[in-house]
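Take a look at the letters that make up each chain.
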Amino acid sequence: MEATRRRTQDSAREKASAQRAQSVQWGRSWEVDWFSLISVIGLLCFAPFIVYYFVMACDQYQCSIGQPLFELYRGETTLLSIWARTPSFTWSAAKIYAIWVAFQVFLYICVPDFTHKIIPGYVGGVQDGARTPAGLINKYEINGLQCWLITHALWLANAHYFHWFSPTIIFDNWIPLMWCANILGYTVSTFAFIKAYCFPTNSEDCKFTGNIFYNYMMGIEFNPRIGKWFDFKLFFNGRPGIVAWTLINLSYMAKQQELYGHITNSMILVNVLQAIYVLDFFWNEAWYLKTIDICHDHFGWYLGWGDCVWLPYLYTLQGLYLVYHPVQLSNGHMLAILLLGLVGYYIFRSTNHQKDLFRRTNGSCSIWGRKPTYIDCSYRSADGGIHRSKLLTSGFWGVSRHFNYTGDLMGSLAYCAACGFGHILPYFYIVYMTILLVHRCVRDEHRCSSKYGKEWKRYTDAVPYRLIPGVF
Ligand code: NDP
């Protein structure tokens with residue numbers, strides 16, 4: 001039985017490998033060049049220390065990222081003494097974290113979506129994903145908005161009524177929780193890696209490069225699942241990562257109140273702008289099934305560890321900073337940031353909406369009051385099938401090829417600017433997002449170019465800039 005299953009998997013791998021030469025390039029690379037390999041090993045080794053460094057700098061150096069380095073350079077401190085002052089793993093944090101993750105698993109798996117039945121316009125319940133390289137269309141239970149609402153309703157009920165735990169619980173256990181998040185991040189990535197070899201969900205959608213580090217980091221399986229519904233990508237990206245984002249911010253807000261007796265307008269601004277982004281994500285979770293994360297990325301350390309550790313710890317640095325530096329903005333400063341954040345959000349949302357509408361209606365829609373213009377394309381999937389597609393060239397998609405990223409970057413800059421100009425730590429986010437999204441542009445365009453060939457060239461001639469017209 002086992003031998004038969006193995007033979008089937010091996011032959012599926014060989015078949016996929018024979019077809020890959022003729023079919024388009026999906027997801028991550030087949031071949032790993034030296035630069036990618038060194039970057040991957042560098043990230044595997046250093047990314048956990050980057051997260052540690054930022055969180056430690058807040059805990060021990062009032063969010064100064066230069067001070068620990070200066071002190072080390074001048075011999076006023078040592079790595080060992082920094083480490084000795086760092087809160088260690090605690091069983092109470094492990095208990096909190098285990099309850100949190102188990103609760104999110106329960107909501108994800110056991111509570112089918114009912115919000116789409118009561119909220120007009122919301123698309124939830126069972127939805128189709130995009131076609132995978134092997135030609136499959138997976139089904140997903142979209143219940144993220146419901147999970148977010150239930151979790152936050154319970155959080156608020158606890159804070160105002162039940163008092164089972166302090167609303168500052170996340171801040172108070174922030175570093176011990178980081179050790180737990182790392183344990184989960186590494187466990188899930190290692191499990192996904194082993195699973196891809198031993199019992200892949202769909203072996204034809206696996207990618208092996210022959211390089212163990214690259215496979216571990218960028219993932220082998222495309223849509224690993226346990227059972228019919230537990231989808232690793234959808235679960236780890238959305239919950240616990242993104243549901244936690246707004247709870248972490250609320251915990252920071254509660255800590256500010258506890259420490260200073262009031263909440264600053266900058267903290268409210270960060271909470272509001274990031275909550276809009278998070279709620280938008282869950283409101284459009286069905287749309288998220290069509291984004292690069294789900295459609296093209298494989299599930300490895302990059303997504304597994306990234307969703308458990310990098311996202312909750314580094315995307316929330318602004319709120320953490322404001323606990324240590326309670327900045328009160330002038331009205332003008334506050335309004336300017338609010339405007340930047342809202343305009344960025346509007347561009348981000350409208351651009352994503354235009355593509356979604358255009359693709360959903362197969363071009364039979366109106367964009368900015370007119371019939372959309374587009375370029376007809378065709379591509380071949382790994383099963384040899386020829387499919388047709390369209391690339392929109394009007395609306396925001398005629399302004400630049402990734403104007404949704406431009407809006408995202410404007411919103412990201414707004415979160416950072418809400419923290420004033422006292423320290424550079426809160427600006428890490430905009431630097432990181434710029435690198436992430438520029439890299440994403442390049443990798444997406446490389447993939448699209450090999451997917452659509454000369455039709456992609458026609459598209460880039462029609463829309464020549466990537467992010468900012470006339471600049472890049
Ligand atoms: P997009 O939503 O821009 O999707 C890119 C894909 O869309 C391409 O691979 C191609 O796929 C298709 N496409 C490209 N050009 C066109 C066109 N002109 N007309 C129609 N389809 C086109 O990218 P992402 O999935 O990266 O991002 C989605 C959103 O998520 C963005 O707004 C981004 O800012 C945000 N994001 C946020 C992150 C965060 O950490 N905060 C991280 C990553 C993304 P196909 O093969 O189907 O043709």
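Note that the coordinates shown come from a computational prediction; the quantities given were computed from them, not determined experimentally.

Each value, and the rule that gives it
- Residues numbered from 1 in each chain as written.
- Predicted model: local features only at pLDDT ≥ 70, side-chain atom pairs only at ≥ 80, totals over all residues.
- Heavy atoms only, no water.
- Helix = DSSP H or I, 4+ residues; strand = E, 2+ residues; numbered from the N terminus.
- Contact = heavy atoms within 4.5 Å.
- Near = heavy atom within 4 Å.
- Polar contact = N/O pair within 3.5 Å; in protein donor to acceptor, adjacent residues only side chain to side chain.
- Areas by Shrake-Rupley, 256 points an atom, 1.4 Å probe, with all protein chains shown as cover.
- Buried < 20%, exposed > 50% of the residue type's maximum accessible area, 1.4 Å probe, protein only.
- UniProt positions renumbered as here; feature names shortened; annotations may be inferred.
- Arc of directions from axis to C-beta.
- Phe/Tyr/Trp six-rings, centres within 6.5 Å; stacked < 30°, edge-to-face > 60°.
- Lys NZ or Arg CZ within 6 Å of the ring centre and 35° of its normal.
- Salt bridge = Lys/Arg side-chain N within 4 Å of Asp/Glu carboxyl O.
- Pairing = 2+ DSSP bridges.
- Core = buried A, V, L, I, M, F, W, Y, C linked by side-chain atoms within 4.5 Å.
- Axes fitted to C-alpha atoms, helices over the stretch in contact; angles between N-to-C directions.
- Parallel < 35°, antiparallel > 145°, perpendicular 65-115°, else oblique.
- Left-handed = near helix turned anticlockwise from the far one by under 90°.
- Nonpolar A, V, L, I, M, F, W, Y, C, P; charged D, E, K, R; others polar.
- Patch = residues over 30% accessible without salt bridge, like charges linked within 9 Å, V, L, I, M, F, W, Y side chains within 5 Å.
- Domains from an automatic or database assignment.
- Buried area = accessible area lost by both parts, 1.4 Å probe.

## Describing the environment of Pro326
Inspection of the secondary structure puts Pro326 in the loop between helix H16 (317-324) and helix H17 (331-360). Separated by 44 residues in the primary sequence, Pro326 and Phe282 have C-alpha atoms spaced 30 Å apart. Once residues within four sequence positions are removed from consideration, Pro326 is found in contact with Gln256, Tyr260 and Thr264.

## Section: the site of the ligand
Near the ligand there are 26 residues, and of these Tyr405, Asp444, Arg447, Lys451 and Tyr452 occur at the shortest range. Residue Lys355 places a side-chain N or O atom 2.8 Å away from an oxygen atom belonging to the ligand. Contact with the protein chains removes 92% of the 920 Å² of surface that the ligand exposes when unbound. Secondary-structure elements contributing two or more residues to the shell around the ligand are H17, strand E6 (386-392), helix H19 (403-417) and helix H20 (428-452). Here the shell around the ligand gets eight residues from one element, more than from any other, and that element is H20.

## Side note on the side chain of Asn249
Following the sequence through the fold, Asn249 ends up in helix H11 (residues 232-260). Note on Asn249: relative accessible area 0%, which makes it buried. In this view, Asn249 contacts Val270, Asn271, Gln274 and Thr316; residues no more than four positions away in its chain are not counted.

## Some words on the UniProt feature "transmembrane region" (unreviewed entry) in the protein
Here, UniProt's "transmembrane region" (unreviewed entry) annotation points to residues 34-55, 259-279, 299-317, 329-348 and 412-438. Secondary structure content for residues 34-55 is 100% helix and 0% strand, while the C-alpha to C-alpha distance between its ends is 32 Å. Summarising residues 412-438: 63% helix, 0% strand, and an end-to-end C-alpha distance of 14 Å.

## Quick word on helix H21 (residues 454-462)
Turning to H21, its buried residues number three or more, namely Glu455, Trp456, Tyr459 and Thr460. Seen along its axis, H21 keeps its buried residues to an arc of 140 degrees; they face one direction.

## Topic: the packing of aromatic side chains
What characterises a pair of aromatic rings is the spacing of the ring centres plus the angle enclosed by the ring planes. Applying the stated criterion across every chain yields a total of 49 aromatic pairs. On the numbers, 5.9 Å between centres and 10 degrees between planes, the contact of Phe428 with Tyr432 is stacked. Highlighted residues: Phe428 and Tyr432, both in helix H20, separated by four residues, approximately one helical turn. For the pair formed by Phe428 and Tyr432, the shared burial category is buried. Of note, Arg349 hangs over the ring of Trp287, and the distance from its end group to the ring centre comes to 5.1 Å.

## Overview of the pattern of salt bridges
According to the stated counting rule, one finds 15 salt bridges in the structure shown. Its salt-bridge partner being Lys139, residue Asp128 comes within 2.6 Å of it at the nearest N-O pair. Remark: Lys139 occurs in strand E2 (residues 137-142) and Asp128 occurs in strand E1 (residues 125-131); sequence separation between them is eleven residues. For Lys139, a relative accessible area of 43% gives the class partly exposed. Two residues, Asp376 and Lys390, come together in a salt bridge whose shortest N-O distance is 4.0 Å. Pair noted here: Asp376 is in strand E5 (residues 374-380) and Lys390 is in strand E6, with a separation of 14 residues, a long-range link. The exposure class assigned to Asp376 is partly exposed, which follows from its relative accessible area of 36%.

## Focus on the pairing of E6
Moving residue by residue along a regular strand, the side chains alternate between the two faces of the sheet. Judged by how many residues are buried, E6 sits mostly within the fold: five of seven residues are covered. Pairing analysis gives seven bridges linking E5 to E6, with the strands arranged antiparallel. Paired with Cys377 across the bridge in E6 is Ser389.

## Observations regarding the nonpolar core
Grouped together as the largest cluster of nonpolar side chains are 115 residues, with contacts concentrated most on Val51, Tyr97, Phe236, Trp310 and Tyr315. Ignoring sequence-local partners within four residues, the contact set of Tyr315 consists of Trp245, Gln274, Trp310, Tyr429, Tyr432, Met433 and Leu436. Formed by 14 residues, the second largest nonpolar core is a distinct cluster that contains Trp397, Cys448, Tyr452 and Tyr459.

## Concerning the packing of helix H2 (residues 34-61) against helix H9 (residues 174-198)
Two elements in contact, H2 and H9, have axes whose closest approach is 11 Å; the angle formed by their N-to-C orientations is 165 degrees. The angle between H2 and H9 falls in the class roughly antiparallel. The handedness of the crossing between H2 and H9 is right-handed. Mapping the contact onto sequence places Leu44, Pro48, Val51, Tyr52, Val55 and Asp59 in H2 and Trp174, Ile175, Met178, Trp179, Asn182 and Tyr186 in H9. For the contact of H2 with H9, a count of residues per class yields ten nonpolar, one polar and one charged.

## Looking at a nonpolar patch on the surface
A contiguous nonpolar surface patch, about 570 Å² in accessible area, is contributed by Leu154, Tyr161, Phe162, Trp164 and Phe165. Looking at the element boundaries, Phe165 is found in the loop between helix H7 (144-162) and helix H8 (169-172). Using a relative accessible area of 30% as the deciding quantity, one classes Phe165 as partly exposed.

## Digging into the domain arrangement of the protein
Think of interface size as the accessible area that goes away when the parts come together; that is how it is often given. Each assigned domain of the protein is listed with its residue range as follows: domain 1 (51-86), domain 2 (90-328) and domain 3 (330-471). With centres defined by C-alpha atoms, the gap from domain 2 to domain 3 works out at 23 Å. Contact residues are listed per partner, giving 32 residues for domain 2 and 37 residues for domain 3. With both chains or domains summed, domain 2 and domain 3 bury close to 3100 Å², and 63% of this area falls on carbon and sulfur atoms. Sorting the residues of domain 2 by area buried against domain 3 places Tyr277, Trp287 and Tyr321 first, and these three jointly supply 20% of that buried surface. Our enumeration of links across domain 2 and domain 3 arrives at two salt bridges. In this structure, Asp297 engages Arg443 in a salt bridge whose closest nitrogen and oxygen atoms are separated by 2.9 Å. Connecting domain 2 to domain 3 are seven residue pairs in polar contact (both at pLDDT 80 or more). Going through the elements one at a time, helix H12 (265-283), helix H14 (292-295), helix H15 (301-314) and H16 are the ones with two or more residues in the side of domain 2 that touches domain 3. When residues of the side of domain 2 that touches domain 3 are assigned to their parent elements, the largest contribution, nine residues, is made by H12.

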